[in-house]
Amino acid sequence: MPDSFRPNFTATGIGSLPHTDAHAAVEAVASRLTGMPYWPQLPLRSPAEHMNLQYARALSPLVRADLTEKSLRPHPSLSREEALAAFYERLLAADPKGFALDPGEAAGFFAFLEKIGSAPAGAFPWIKGHVTGPLTLSAAVMGVDGKAMLYDDEMAEALARGLGAAAAAQIEQLAPLGRPIMIFIDEPMLSGYGSAFTPISREKALNLLGLCLEECRQRAGAVMGVHCCGNTDWGLLIEAGFDVLNLDSAGFGANLLLYPEALKALFARRGAVAWGAVPTNAFTGRETARDLWSGLKSLLEELAAKGFDRAVLASQALITPACGLGSLKEEQAEACLELTRQVSELARADFP
């Protein structure tokens, strides 16, 4: 973690936008989230930009994208053993090009490179990227045995390492922009962790997340965060070793208060919480920045009452929407980005 990482309520975003024009999407972000803009996934532009399908090429030949069905298929034309052997041959070759994003699957990423690359050196002091998490992606691929690849240990571990390599390749693609980089591993699947619908052990979840982080960190360096848009075991995500924890604080912030020791450990290693203070799926259009900040401020005051240092709570905080905005209309998504900017400004002025 760099000593300079003190975000102090910097505003950034999560994943997708509903736009189909990549440059318009990037402009919607960069004009509002000037402290840490992010590149947008554009699933309505092409199925190839869906958060799972976007990394199919990087994970070849373990999976293949079916753009018609908008799903991932397991190792076509190869046996399970052949697919694993071929994949690890690619992985061990350590060639980042095979894991990097391509214009055909990430138009928003390349419009983002163009926008930030043409900006003055002092603009956009941080930049953010993101990669689908190993639990979410492996749960979305049904193996030839009819079970999700998440429950095939060797396949799940290979996918986790492949996504870590994809994160590292993305960092290398962003590095020429000359800004510090933050990468989120997006794990919406963990919203169901611990339920009967997601029978996975804590040990396995930690292992897959750890393998993803390990593969990324041994190849490239960046601040690494994790995003989950529902309620989950927040202690697990902190224990996994992420630098930043991102949650829907508008909907589930009170649940984080149940993990004070884990949160202390995160702050002790100079980690941060990215507070998803702007609702997305629950967005009505009637929200105001002051009301949203009031809700988040109450959570911060509760943490302060539990003994957390107010200055640390402020310096080690970011503001985000609760989740990606791809399911909204363009004007709604842009309203959420604007609210994120406004909540960030209010927080900096009013806390500690």
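Residues numbered from 1 in each chain as written. Predicted model: local features only at pLDDT ≥ 70, side-chain atom pairs only at ≥ 80, totals over all residues. Heavy atoms only, no water.

(A) Structural view of the pattern of salt bridges. Overall, the coordinates contain 21 salt bridges when judged by the stated rule. One salt bridge connects Glu154 with Arg80, and the closest N-O pair in it is separated by 2.7 Å. In this pair, Glu154 is assigned in helix H5 (residues 153–174) and Arg80 in helix H2 (residues 80–93), connecting sequence segments 74 residues apart. Here Glu154 falls in the partly exposed class, since its relative accessible area comes to 47%. Here Glu239 ties to Arg202 by a salt bridge, and the two come within 2.5 Å at their closest N and O atoms. Of this pair, Glu239 sits in helix H7 (residues 234–239) while Arg202 sits in helix H6 (residues 202–217), placing them 37 residues apart in sequence. Residue Arg202 is classed as partly exposed on the basis of its relative accessible area of 31%. (Salt bridge = Lys/Arg side-chain N within 4 Å of Asp/Glu carboxyl O. Helix = DSSP H or I, 4+ residues; strand = E, 2+ residues; numbered from the N terminus. Buried < 20%, exposed > 50% of the residue type's maximum accessible area, 1.4 Å probe, protein only.)

(B) Here's a closer look at the packing of aromatic side chains. Inspection of every chain in the model, using the stated rule, returns 9 aromatic pairs. Seen in terms of ring centroids, Phe9 and Phe351 are 6.3 Å apart; in terms of plane orientation they differ by 90°. Their pairing is edge-to-face. Here the residue Phe9 occupies a position in the segment before strand S1 (10–11), and Phe351 occupies one in the segment after helix H12 (330–350), the gap between them amounting to 342 residues. By the burial criterion, Phe9 is buried, and Phe351 matches it. (Phe/Tyr/Trp six-rings, centres within 6.5 Å; stacked < 30°, edge-to-face > 60°.)

(C) Seen up close, the packing of helix H1 (residues 22–30) against helix H3 (residues 107–117). Across the interface, H1 lies against H3 with an axial gap of 8 Å and an inter-helix angle of 60°. In terms of their interaxial angle, H1 and H3 are classed as oblique. Considering only the axes of H1 and H3, their crossing is right-handed. Contacts from Ala22, His23, Val26, Glu27 and Ala30 in H1 reach Ala107, Gly108, Ala111, Phe112, Glu114 and Lys115 in H3. (Axes fitted to C-alpha atoms, helices over the stretch in contact; angles between N-to-C directions. Parallel < 35°, antiparallel > 145°, perpendicular 65-115°, else oblique. Left-handed = near helix turned anticlockwise from the far one by under 90°. Contact = heavy atoms within 4.5 Å.)

(D) Quick peek at H3. Burial in H3 covers these residues: Ala107, Gly108, Phe109, Ala111, Phe112, Leu113 and Ile116. Turning to H3, the residues buried within the fold contact H1, strand S4 (127–132) and H5.

(E) Examining H2 more closely. The end-to-end C-alpha distance of H2 is 20 Å, a good match for the 20 Å that 14 residues give at a rise of 1.5 Å each. Among all positions in H2, only Ala83, Leu84, Phe87 and Leu91 are buried. Angular distribution of buried residues about the axis of H2 spans 95°; they occupy a single face of the element. Residues of H2 that are exposed and point more than 90 degrees away from the buried face comprise Glu81, Glu89, Leu92 and Ala93. Where H2 is buried, its residues touch H5 and H6. After H2 finishes, the residue Ala94 shows a positive phi value of roughly 55°. (Expected span 1.5 Å × (residues − 1). Arc of directions from axis to C-beta.)

(F) Geometry of the sheet that holds strand S5 (residues 181–186). Read from one edge of the open sheet, 7 strands run S1-S9-S8-S7-S6-S5-S4, paired in parallel fashion. Two strands bound the open sheet, and with one partner strand each, they are S1 and S4. Here strand S6 (residues 223–228) runs beside strand S7 (residues 244–247); their pairing, made up of 4 bridges, is parallel. Paired with Gly225 across the two strands is Val244, which belongs to S7. (Pairing = 2+ DSSP bridges.)

(G) Inspection of the pairing of strand S9 (residues 317–321) at higher detail. Most of S9 is tucked away: 5 of the 5 residues are buried. Pairing of S1 with S9, which is carried by 2 bridges, proceeds in the parallel orientation. When the bridges of S9 are listed, Thr10 appears paired with Leu318. As defined by bridge partners, strand S8 (residues 272–278) adjoins S9 across 5 bridges and the pair is classed as parallel. Across the sheet, Val278 pairs through a bridge with Pro321, a residue of S9.

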